[in-house]
Amino acid sequence: MAHGTPVWRLRLTVLAMHPEVFGRSVQWQRGAGVSVMSAPHSIVASPSYQGSPVEAIHRGSGPIRCRLDGPAGALPYPQLGALRAEGGTDYFIAPLVFGDGRSSFISFATDEASGFSDEQLRLFEWLVPFLTVRLELESAAFSLRSLLQVYLGRNAAERVLSGQFKRGEGQVLRAAIWYCDLRGFTSLVDHTALDAVIPILDQYFECMARPVAEEGGEILKFIGDALLAVFVVGEDEGDACTRAVRAAQAALEALARLEVARVHGLRAGVAVHLGEVMYGNIGASDRLDFTVIGAAVNEAARMESLCKELGVPLLISAEAAARARGVTLRSLGRHALRGVSAPSELFTPFAPVGV
């Protein structure tokens, strides 16, 4: 604009490598500032994308220029009608082709009565190679952060990105440990086609994982049909334990409402424990896992294995039960945990019904 180019709106997409997100859509418009939205993969099936200039770019088109002030109904791309309705007069979009062959784009629109001049259009085309390099770097950084968050969890991803990635590095933390395991999975696998098992397992994990995330927990790993998460203790141990118990109750309620769980007789056991863990990088020199280890983690897993025997879907250790707030718990007595020398008192908010 300072160089006399009457840009009224600019839009682009920062591409991502993410199972749910196609990219980050960024738009600037005079008078409205910048808006950023995550575009899901499903965007490519939407009317706003199909038959649009952006789809044409992704299919290999070169730059496209379209005047918006022509006769009504004369627009080659219906999606541009909204721009014209807002006062737009001219539109230009160009592909930004990355080194791996993927294409993003950048589009410019103006509300200047005369539209863009030939000189201004040449300026946009001259800028494309420079914008491509800059946006490819941004997309690479966005993809790296997105993939690390998906596969490691947000907290672990931030630690790795900040440089905490050396083998053997770790931090001793106090946390509420959350461990769940699925009942009936072996039978499900035996009687269901494998390509149908994964969608069922995904729905189950969604029931378990969403409440953990909503309560501020961090999912560390999926182990077959089990899930390990932690609620790191801040200033208040009771807060971490309360959130962990709330997440367990919400997860079990969600699973009870899940149709495929009812059809296949799937149930889960959840254990909540409180203790110290080592949180960091563990593994071989060329294959590390960012996770937690410690006696408390082992005890949580042993606790969960007693859910079936004790007939309840949720077991809470005495340490966590003493600090959890807003839930009525009853003792199930002291029970031996495999590999643990002293019996542990276990609590639950449920009446024994079998899991």
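Computed from a predicted model, the values in this text were never measured in an experiment. (Residues numbered from 1 in each chain as written. Predicted model: local features only at pLDDT ≥ 70, side-chain atom pairs only at ≥ 80, totals over all residues. Heavy atoms only, no water.)

Let's talk about the nonpolar core
Moving on, step 1. In this structure, Trp-178, Tyr-204, Met-208, Leu-227, Phe-231, Val-272 and Ile-316 are the most contacted members of the largest nonpolar core, which totals 44 residues.
Moving on, step 2. Setting aside anything within four residues of it in sequence, one finds Leu-227 in contact with Trp-178, Tyr-179, Cys-180, Phe-205, Met-208, Ala-209, Ile-219, Lys-221 and Phe-222.
Moving on, step 3. The next biggest cluster of nonpolar side chains, apart from the first, holds 20 residues, and it includes Ala-156, Leu-173, Leu-220 and Tyr-279. (Core = buried A, V, L, I, M, F, W, Y, C linked by side-chain atoms within 4.5 Å. Buried < 20%, exposed > 50% of the residue type's maximum accessible area, 1.4 Å probe, protein only. Contact = heavy atoms within 4.5 Å.)

A closer look at the layout of surface pockets
Moving on, step 1. If you add up the space inside the largest pocket, you get close to 950 Å³.
Moving on, step 2. For the largest pocket, the lining is made up of 26 residues, of which Gln-149, Val-150, Gly-153, Ile-219 and Phe-222 are closest to its centre.
Moving on, step 3. When residues of the lining of the largest pocket are traced back to their parent elements, those giving at least two are α3 (118–152), α4 (154–161), α6 (194–214), β8 (218–223) and β11 (287–293).
Moving on, step 4. Grouping the amino acids of the lining of the largest pocket by side-chain chemistry returns 13 nonpolar, 6 polar and 7 charged.
Moving on, step 5. Of the pockets and cavities examined, the second largest pocket occupies roughly 580 Å³.
Moving on, step 6. Lining the second largest pocket we find 27 residues, and of these Arg-9, Arg-11, Ser-25, Ser-48 and Val-54 sit closest to its centre.
Moving on, step 7. Contributions of two or more residues to the lining of the second largest pocket are made by β1 (9–15), β2 (21–29), β3 (33–40), α1 (53–58), α2 (81–85), β5 (90–97) and β6 (103–110). (1 Å grid on protein atoms, 1.4 Å probe; cavity = no way out; pocket = protein on both sides within 12 Å on 5 of 7 lines; lining within 4 Å. Points joined across faces, edges and corners; volume = space filled by probe spheres on them. Helix = DSSP H or I, 4+ residues; strand = E, 2+ residues; numbered from the N terminus. Nonpolar A, V, L, I, M, F, W, Y, C, P; charged D, E, K, R; others polar.)

Things to note about the packing of aromatic side chains
Moving on, step 1. Applying the stated criterion across every chain, the model contains 7 aromatic pairs.
Moving on, step 2. Here Phe-116 and Phe-124 contribute two aromatic rings whose centre-to-centre distance is 5.0 Å and whose plane-to-plane angle is 90 degrees, an arrangement assigned as edge-to-face.
Moving on, step 3. Every member of this aromatic cluster is reached through a ring pair, and the members are Phe-92, Phe-108, Phe-116 and Phe-124.
Moving on, step 4. Sitting above the plane of the Phe-142 ring, Arg-24 keeps its charged end 4.3 Å from the centroid. (Phe/Tyr/Trp six-rings, centres within 6.5 Å; stacked < 30°, edge-to-face > 60°. Lys NZ or Arg CZ within 6 Å of the ring centre and 35° of its normal.)

Observations regarding α4
Moving on, step 1. Within the sequence span of α4, burial applies to Ala-156, Ala-157, Arg-159 and Val-160. Seen from one end, α4 has its buried residues packed into an arc of 160 degrees, which puts them on one side.
Moving on, step 2. Each element contacted by the buried residues of α4 is listed here: α3, β7 (170–183), β8, β10 (267–284) and β11.
Moving on, step 3. Positive backbone phi, approximately 110 degrees, marks Gly-163, located one or two places after α4. (Arc of directions from axis to C-beta.)

Focus on a nonpolar patch on the surface
Moving on, step 1. Together, Val-172, Met-278, Ile-282 and Ile-293 line one region of the surface with nonpolar side chains, adding up to about 310 Å² of accessible area.
Moving on, step 2. Position of Val-172 relative to the elements: it lies in strand β7. (Patch = residues over 30% accessible without salt bridge, like charges linked within 9 Å, V, L, I, M, F, W, Y side chains within 5 Å. Areas by Shrake-Rupley, 256 points an atom, 1.4 Å probe, with all protein chains shown as cover. Salt bridge = Lys/Arg side-chain N within 4 Å of Asp/Glu carboxyl O.)

Describing the confidence of the model for the protein chain
Moving on, step 1. In this model, the protein chain carries a mean pLDDT of 91, and residues with pLDDT of at least 70 account for 98%.
Moving on, step 2. The lowest-confidence element of the protein chain is helix α5 (residues 185–191), averaging 81 in pLDDT; the highest-confidence one is strand β12 (residues 314–317), averaging 97. (pLDDT = per-residue confidence, 0-100.)

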